[in-house]
Amino acid sequence: MRLGVITLQDAPWPELVERWRTLEQLGVETIWVADHIGHRGLEPGEPWFEAWSCLAALAYETSAPRIGPLVSPMTFRNPAVLARTALTVAELSGGRLELGIGSGASEWDHAVAQVPTWTAKERAAAFAVWVERLLAVLADDRFHPKREIPLTIAGRGRTILGLAARFADRWNTFGGFGITADEALRRGREDNARLDELCADTGRTVLRSALLGYHAFADETPWRSDEAFTDVVERWREAGFQELVFYYPPDTAMPDGTVAPGVFERAFSR
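No experiment lies behind these values; they were computed from the predicted model shown.

**Student:** Sorry if this is basic, but what is going on with the packing of aromatic side chains here?
**Tutor:** Geometrically, a pair of aromatic rings is defined through the distance of the ring centres and the angle of the planes. For the structure on display, the rule yields eleven aromatic pairs. Considering the side-chain rings of W236 and F241, the 5.1 Å spacing of their centres and the 70° angle between planes classify their relative orientation as edge-to-face. For the pair W236 and F241, one class covers both residues: buried. By way of ring pairs, the aromatic residues W223, F229, F246, Y248, F264 and F268 are connected into one cluster.

Right under this line is the structure:
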């Protein structure tokens, strides 16, 4: 099982840099950041840094981990500008960029960006056009330098899975908001089975990835013990997943904030 980490940009800048350096020292393979304008839980005066600025800094502050947004949304990212930004950060990082994209699920971001309200059908149709434009600009011979940029498409539903089967190197899901771990696993199995069918048609291999460890998502609590972490990994492996991405710091995942000493560090040093 591959393991990655996502760091929220809600700490003072020196603390964020220290988190990234700590994760690199642990040998974390991929460090992601969240791409949101903000969120409703921010307290007055609490910092929140813009995702692609963080990724440019990550390109300089680290040397080994792959880096990327999980995910940059259609909501407020013009596909041409996002493509040019991605090409720039891919170069700055020496080719370590992973580009994660999604149709945008944050109502808070949607309201701040003042995007018109979409029905589910309208959102799906708009996202399909948006993805194809993004890929067209990434491939445009007028824009250099070029690096290979693996694509992650995140989300659920027929359109998302279809686009993943056509274009993505990785598909990522978080299961859903406020659901049980069993329900998240059930959804994951069903989506994996559907993606298998779609990939059989396209002839492509897509890595299956799950984002875990945030209290508003599926109620997994991997950091209570080494055994709890192993149990989480094995259940998601059985459901067909090849990668798990966890929030950092690890207490983000725990409803009461309690993390057993050393479990996170041992998980990533195996």
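**Student:** Got a minute to help me understand helix 5 (residues 120–139) in this structure?
**Tutor:** An α-helical turn contains 3.6 residues, so any two residues separated by three or four positions project in the same direction. Over its 20 residues, helix 5 extends 29 Å from the first C-alpha to the last, a length consistent with the 28 Å expected when each residue adds 1.5 Å. Buried residues of helix 5: R123, F127, W130, V131, L134, V137 and L138, and no others. Buried residues of helix 5, seen end-on, are gathered within an arc of 130° and therefore sit on one face of the element. Of the exposed residues in helix 5, those oriented more than 90 degrees away from the buried face are K121, V129 and A139.

**Student:** What is the right way to read the side chain of H110 from this model?
**Tutor:** Tracing the backbone shows H110 in helix 4 (residues 107–113). On the accessibility criterion, H110 (13% relative accessible area) is buried. Among the polar contacts listed, one links the side chain of H110 to the backbone oxygen of P116, at a separation of 3.1 Å.

Conventions we followed
- Residues numbered from 1 in each chain as written.
- Predicted model: local features only at pLDDT ≥ 70, side-chain atom pairs only at ≥ 80, totals over all residues.
- Heavy atoms only, no water.
- Phe/Tyr/Trp six-rings, centres within 6.5 Å; stacked < 30°, edge-to-face > 60°.
- Buried < 20%, exposed > 50% of the residue type's maximum accessible area, 1.4 Å probe, protein only.
- Helix = DSSP H or I, 4+ residues; strand = E, 2+ residues; numbered from the N terminus.
- Expected span 1.5 Å × (residues − 1).
- Arc of directions from axis to C-beta.
- Polar contact = N/O pair within 3.5 Å; in protein donor to acceptor, adjacent residues only side chain to side chain.

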